[in-house]
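Overview (structure and organization)
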Amino acid sequence: MADNLKPVPGLPDKFLKPYDSVGTEDRVYEAWEKSGFFNPDNLKLPSDAKPFSMVLPPPNVTGQLHMGSAMMLAIEDVLTRYKRLRGYRALWLPGTDHAAIATQVVVEKKIQKEEGKSRYDLGREELLRRIGTHVSETHDVIIKQMRKMGASLDWSREAFTLDEPRNLAVRTAFKRMYDDGLIYRGYRVVNWDPKGQTTISDDEIEYETRKTKLYTFKYAAHIPISISTTRPETKLGDTAIAVHPDDPRYQALIGQEFEATFAGEPIKLKVIADQAVEKDFGTGALGVTPAHSMIDWEMAERHHLPLKPVINEYGKMIVGQEGVRDKKTTEAREAVVAWLKENGLLEKEEEIEHNVSLAQRTGGLIEPLPKLQWFVAVNKPFKLKHSSIPGLVAGTETTLKEMMKLAVASGETSIIPDRFQKIYFNWIENLRDWCVSRQIWYGHRVPVWYRGQEVHCDLIAPDGEGWRQDEDTLDTWFSSGLWTFSTLGWPDEAAFEKMRQYHPTTVLETGSDLIFFWVARMILMTTYLLGEVPFRTVYMHGLVRDNKGRKISKSLGNNIDPLDMIAKYGADAVRMSLIVGVGPGSESKIDEQKIKAYKLFANKIWNITRFILTNTADFKKAQSPVIDWRNIENQEAYPSRKIHLAWLQEFESTLQDITTDMENFRFYLAAEKLYHYTWHTLADKILEESKPMFSSNNPLEKAATQDLLLSILTRLTIALHPFMPFITEEIWSALPGNDQSLLMVQHWPE
RNA sequence: GCGCGCUUAGCUCAGUUGGUAGAGCAUCGUCUUGACGUGACGAGGGUCGUAGGUUCGAAUCCUGCAGCGCGCACCA
C-alpha cells in the first residue's frame, strides 16, 4: 500500500503512489508540443532520413469525439510514433472537415429550434455567418479532444477543408476537369432529397426495407397491357411501356402507341422492348417513367423517349386532376388508386417488401428528379498529362474509372485488409457519373459564371458586367478528395515543392465506411491531377459498437464518451483498449471492463518501474566501468549468467517479433505481445527471480542484474511508447540519465 | 441475384506462413511473501458451427450445408 512505501533516494516521489493519469497527461502533452517535435522540420535527423506521412481523416468540424474517432486517433498515433522512433521524418497532418450538408443541417436545425426560422428566412449570407460562428466554437472543442488522446499531430500545419488554400485547390481542380471535359453540366435524373432540398450522390443514399402495396392495373380500358407499380402517382409521367424482347405475350404489341387520359392527365405510351425488364416480375410489363426513376431514365435514353416531369422539388404533383395536382405524392397515390378503382382498372393490390431510398443525412425520402446539375464523367476518355502509375502512360487515352482501377490493380496502392480491394473494384464496376453540385449554401461554390447564354469556368470571376456565379456548392467529398496534397500546398507550385517528399503519403488510415466516399474519390482526384496515387497503403479500421454489439447512435443513447473514459482510466488505457485484439476492418465492441483492464496494466508498468528503480538506485552505470557480464564465464563469481542470457534472449526475440508486427500493420498483435511480455514475463517471472539476485552479496551478480533490468526496462519503455505514450514518457524522465530528453524522439530498440 | 465476412472457454474476442488451443472479464481455492491486493500462485471450463476432403498432422487449406452480419445490384 502507498502508505507503507518509504522514500527511496533517487526515486521520484510520484512513484510512491499509483500512476496518476489525470495529473500526468496534460503536462506531458504540453512538453511534447513545446518541443516542436510533432513538426518533422524540428526533428534532429540526418538529411537522408526517409519521410513518413499521413493525413488525419479530418473529423467533421461540428462533431464530438466518439469511440470511432478515438480508435482512429489511437491507431494513427501508434503508427506515427512508431515511425518517428524508427527515425523517419514523420508527418501526421491534422485538419477538420466542413462536412457541407452535415454541418448545414445541424446549424439549420438549431436555428429552427431556437428561433423558428428557416435558412430562407435568414438568407444565404446570414446563414453562412451563423455557420461560421458555430463552426469556430465546435472546432476548438474537437481539437482539444484530439490532444487529450495524445495525438502527435503537427498542429502548425492544421488545415480546414473550407479554408482559403483548400478553396483555391478546389477551384483549380474543378477548372482542370472542366477544361478536359471531365466535368459537365447536364439535365439528368438525379437523387433529390426533398427534405434537404438538394441533390445527393448515389453513395449518400441509404436503403430501408419497408412494406408497401404493389398495384396491378391498366392505364385505360383500351390499352391491352397491365402493369404493376408501387407508385401509381408517377404513372402520370409515363411515356412508354417496356417489355422483355423475348416475352411471347407482348410480341405483337411492340412498337405500338397508345393514348389515354390517366387521372386527368393525357398520356402517350409507346410499347418498347428492353433487356432490363424482368419477365417474371408482376405482369412482365413495366410502365416507364423517365423523369422519376433512374433506371427508367436510362431506358428512355436508349429508346429516345420523351421526359415528362410530374413531381416537383417539394415532392408535390404538378399535373393531374383535382385531388392529384398540387398534392404530396403520398396523397396523390391514394387519389390515383381511387380513380383506378372507380374506372374498374385496378386488377390487383398486394403487399410486398421493397427498399426505399433515404438521404443519409436528413432521412428524407429520395425523389428521383430531372435537374440541371454538374457531373464528373467517369467513363469519358481523355488524355492523361502525367503519370507515374504502371500501366498508365502519360499522353494516352484513359478514363477516370480506369485510373481508379489501375491505381489499386497495379499495386501502387494496397488496401489492408485486402478483402476491401474486392469491394473497391466492385464499386468501381457499378460507378456512374458523379453528381457534384449541391443546392446547399455551406461549401465550395461552383467556380462557374453565367451571362445570358455564356458560361465561363475559371478560378476567379470573369471581367465585365453582368456575370452571375453558379448558386450551387460542391459535394463535400470533392474537396476531401484533394486532401493528401491540398494540405501540402498544392496548387501553389513553390509551396508544394517544399513538401513534395511527403507525397504520395505513406499511409491512409480510415474507417471502412469511407472506402467509397473518400478513399476512392482521393484516388480519382490524385491520379487525375498529379498522375500518382495519394497513398501507398490504406489501412481500414472497422466500426466501433457498444458492448452489446449495437451501432452507436444518438437515439440509442449508447455513446460512451472517450473523454469520460480518459478521465476515469487515462488516455493510455483507452488507446490500448481500442487497439489490442482489433484487427483491420473488423468490427469491435467497446467495453468499459476492457479499458479498466489496461488501466491496471498502466499501474503494473508503473510498479515494475518502481521496483527496478528502487533496486538499482545504487547502480550508477555512468560512474562505474561498464560491466560486460555477458563475457564473464566464471560460474562461481557469477552464477546467474545463464539465466540472465536467457532473459535477454527472450526479451530481444519478443522485441523482434513485435517489430515485425509493427512493420506489417499488426498493431493489435504487437500491443498484445507487449502486454503479455511486460506482465507475465517481466513482472511475473523475471522480477520474481531477480529478487534474490538483487539482495545477493556478490557485487558482480547484483550489478549484472541491475544493468540488465535497467536495460530491459529502458527498451521496453520505448517499445510501449507508441501505444501508451503518456505513462512511458513519464517513466522515461525518471530513468537514469534521461531527465533532459524526450522519449518520443528516441530510437526504437532492435 | 452477385460478392464478402463471422461462427473458438459462461461473456468479449486473439490465434500472423497448418504441428493436437490462448487472453481479458467472470467463477472457485490459497496467500496480510518488503514493486504492485489496481497484486501473486493455482483450479475448473472448449469434440475450435456442421458434413466431407487434402495432409504424417487442420481452429488454421479446399468443398458442401446452416445460422448471423455486411457490401453491391434489383426493388416495375
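Residues numbered from 1 in each chain as written. Chains lettered and ligands numbered in written order. Predicted model: local features only at pLDDT ≥ 70, side-chain atom pairs only at ≥ 80, totals over all residues. Heavy atoms only, no water.

Turning our eyes to something else, we now look at the overall build of chain A. Secondary structure assignment for chain A yields 21 helices and 27 strands. With the C-alpha coordinates of chain A rotated into their principal frame, the extents come out at 110 × 60 × 55 Å. The buried share among the 750 residues of chain A stands at 57%. Long-range contacts, defined as pairs at least 24 residues apart, comprise 75% of the intrachain contacts of chain A with a sequence gap of at least 6. Averaging the locations of the 92 positively and 103 negatively charged side chains of chain A gives two centres separated by 2 Å. (Helix = DSSP H or I, 4+ residues; strand = E, 2+ residues; numbered from the N terminus. Buried < 20%, exposed > 50% of the residue type's maximum accessible area, 1.4 Å probe, protein only. Contact = heavy atoms within 4.5 Å. Lys, Arg positive; Asp, Glu negative; His and termini not counted. Charge placed at Lys NZ, Arg CZ, Asp CG, Glu CD.)

The next thing to look at is the packing of helix H17 (residues 592-616) against helix H21 (residues 725-732). At a closest axis distance of 11 Å, the pairing of H17 and H21 adopts a crossing angle of 10 degrees. As the angle between them shows, H17 and H21 are arranged roughly parallel. Of the residues in H21, those touching H17 at Ala602, Ile605, Trp606 and Thr609 are Ile727, Glu730 and Ile731. Considered class by class, the residues forming the contact of H17 with H21 number five nonpolar, one polar and one charged. (Axes fitted to C-alpha atoms, helices over the stretch in contact; angles between N-to-C directions. Parallel < 35°, antiparallel > 145°, perpendicular 65-115°, else oblique. Nonpolar A, V, L, I, M, F, W, Y, C, P; charged D, E, K, R; others polar.)

Okay, the sheet that holds strand E13 (residues 346-359) next. Reading across from one edge, E8-E7-E13 is the order of the three strands in this open sheet, with antiparallel pairing throughout. The open sheet has two free edges, formed respectively by strand E8 (226-229) and E13, since each of these has just one partner strand. Geometrically, the sheet is characterised by an average inter-axis angle of 25 degrees between neighbouring strands, direction not taken into account. Two strands pair when backbone bridges link them, and strand E7 (residues 205-218) and E13 are joined in this way by 13 bridges, in the antiparallel orientation. By the bridge assignment for E13, Lys213 is matched with Glu351. Contacting E7 and E13, helix H8 (residues 329-342) runs over the sheet at an angle of about 165 degrees to E13. (Pairing = 2+ DSSP bridges.)

Right, let's talk about the pattern of salt bridges for a bit. The tally for this structure, following the rule as stated, stands at 50 salt bridges. Note that Arg188 is salt-bridged to Asp433, the shortest N-O span being 3.5 Å. One end of the pair, Arg188, is in strand E5 (residues 183-193); the other, Asp433, is in the loop between helix H10 (419-429) and strand E18 (434-435), with 245 residues separating them in the sequence. Here Arg188 and Asp433 have matching classes, each one buried. Of the charged contacts in the structure, one is a salt bridge between Glu208 and Arg210, with a shortest N-O distance of 3.3 Å. (Salt bridge = Lys/Arg side-chain N within 4 Å of Asp/Glu carboxyl O.)

Mapped onto the fold, Lys14 is located in the segment before helix H1 (21-35). Distance in space between the C-alpha atoms of Lys14 and Ile416 is 42 Å, their sequence separation being 402 residues. Discounting residues that sit within four places of it in the chain, Lys14 has contacts with Trp606, Glu730 and Ser733. Here the side chain of Lys14 touches Glu730 through a polar contact of 3.1 Å, side chain to side chain. (Polar contact = N/O pair within 3.5 Å; in protein donor to acceptor, adjacent residues only side chain to side chain.)

Before going further, it helps to spend a moment on the nonpolar core. Formed by 108 residues in total, the largest nonpolar core has its most connected members in Phe667 and Phe723. For this core, the leading source of residues is helix H19 (residues 667-694), giving 13 residues. Excluding anything up to four places from it in sequence, Phe723 contacts Val78, Asp572, Arg575, Met576, Ile579, Met662, Phe667, Ala670, Ala671 and Leu674. (Core = buried A, V, L, I, M, F, W, Y, C linked by side-chain atoms within 4.5 Å.)

Here we take up the packing of aromatic side chains. If you walk through the whole model with that rule in mind, you get 31 aromatic pairs. What links up through ring pairs into an aromatic cluster is the set Phe174, Tyr178, Trp374, Trp434 and Phe478. In this arrangement the basic side chain of Arg81 is found over the ring face of Trp32, its NZ or CZ atom lying 4.0 Å from the centre. In this arrangement the basic side chain of Arg147 is found over the ring face of Trp155, its NZ or CZ atom lying 4.7 Å from the centre. (Phe/Tyr/Trp six-rings, centres within 6.5 Å; stacked < 30°, edge-to-face > 60°. Lys NZ or Arg CZ within 6 Å of the ring centre and 35° of its normal.)

Okay, the protein's contact with RNA strand B next. Every one of the 45 residues lining RNA strand B counts as a neighbour, but Ser228, Thr229, Asn355, Asn430 and Trp679 are closest to it. When atoms of RNA strand B within 4 Å of the protein are split into backbone and base, the sugar-phosphate part holds 61%. Residue Arg666 places a side-chain N or O atom 3.0 Å away from a sugar or linking oxygen belonging to RNA strand B. Measuring from a phosphate oxygen of RNA strand B, one finds a side-chain N or O atom of His680 at 3.5 Å. (Near = heavy atom within 4 Å.)

Once that is clear, we can look at the state of the cysteines. What the rule picks out here adds up to zero disulfides. The structure places no disulfide on Cys435, whose sulfur is separated from the nearest cysteine sulfur, that of Cys457, by 16 Å. (Disulfide = S-S within 2.5 Å.)

If you check which residues of helix H15 (residues 562-569) are buried, you get Pro562, Met565, Ile566 and Tyr569. Along the long axis of H15, the arc covered by the buried residues comes to 100 degrees, so they all point the same way. Residue Asp561 occupies the N-cap position of H15, its side-chain oxygen lying 2.8 Å from the main-chain nitrogen of Leu563. Residue Gly570 follows H15 closely and has a positive phi angle near 95 degrees. (Arc of directions from axis to C-beta.)

This paragraph deals with the confidence of the model for chain A. On average, chain A scores 90 in pLDDT, and the residues at 70 or more come to 97%. Across the interface, the model reports ipTM at 0.90; the global pTM reads 0.93. (pLDDT = per-residue confidence, 0-100.)

Here we take up the sheet that holds strand E24 (residues 505-511). With parallel pairing, the three strands of this open sheet are ordered in space as E17-E25-E24. At either end of the open sheet lies a strand with only one pairing partner, and these are strand E17 (414-416) and E24. Here the strands of the sheet are splayed against their neighbours by 20 degrees on average, with no regard to which way each runs. As defined by bridge partners, E17 adjoins strand E25 (residues 535-541) across three bridges and the pair is classed as parallel. In the strand pairing of E25, Ile416 is matched with Tyr539.

Note: most residues except glycine have negative phi, and most peptide bonds are trans. Look at the link from Trp490 to Pro491: it is a cis peptide, with omega at 10 degrees. The amide bond that connects His503 to the next residue, Pro504, takes the cis arrangement and shows omega of 0 degrees. Assignment of secondary structure puts Pro504 in the loop between helix H13 (493-498) and E24. One non-glycine residue, Phe665, lies in positive phi territory at about 60 degrees. Within the secondary structure, Phe665 is located in the loop between helix H18 (641-663) and H19. Overall, the relative accessible area of 14% leaves Phe665 in the buried class.

Right, let's talk about the pairing of strand E21 (residues 454-457) for a bit. As judged from the four bridges shared by strand E20 (residues 448-451) and E21, these two strands associate in the antiparallel manner. Bridging from a neighbouring strand, Trp449 pairs with His456 of E21. Connecting E20 to the next strand, E21, in antiparallel fashion are two residues, including Gly452 with a positive phi near 60 degrees.

Along its 28 residues, H19 runs just 35 Å from first to last C-alpha, ending more than 12% under the 40 Å computed at 1.5 Å per residue. At Leu682, H19 is bent by approximately 40 degrees, the largest bend along its length. (Expected span 1.5 Å × (residues − 1). Bend = angle between axes of the 7 residues up to and from the residue.)

Bringing the environment of Thr717 into the picture now. Within the secondary structure layout, Thr717 lies in helix H20 (residues 699-720). Overall, Thr717 belongs to the buried group, its relative accessible area being 3%. Along the primary structure Thr717 and Gly464 are separated by 253 residues, whereas in three dimensions their C-alpha atoms are 66 Å apart. Beyond its immediate chain neighbours, meaning those up to four positions away, Thr717 contacts Thr728, Ile731, Trp732, Leu735 and Leu743.

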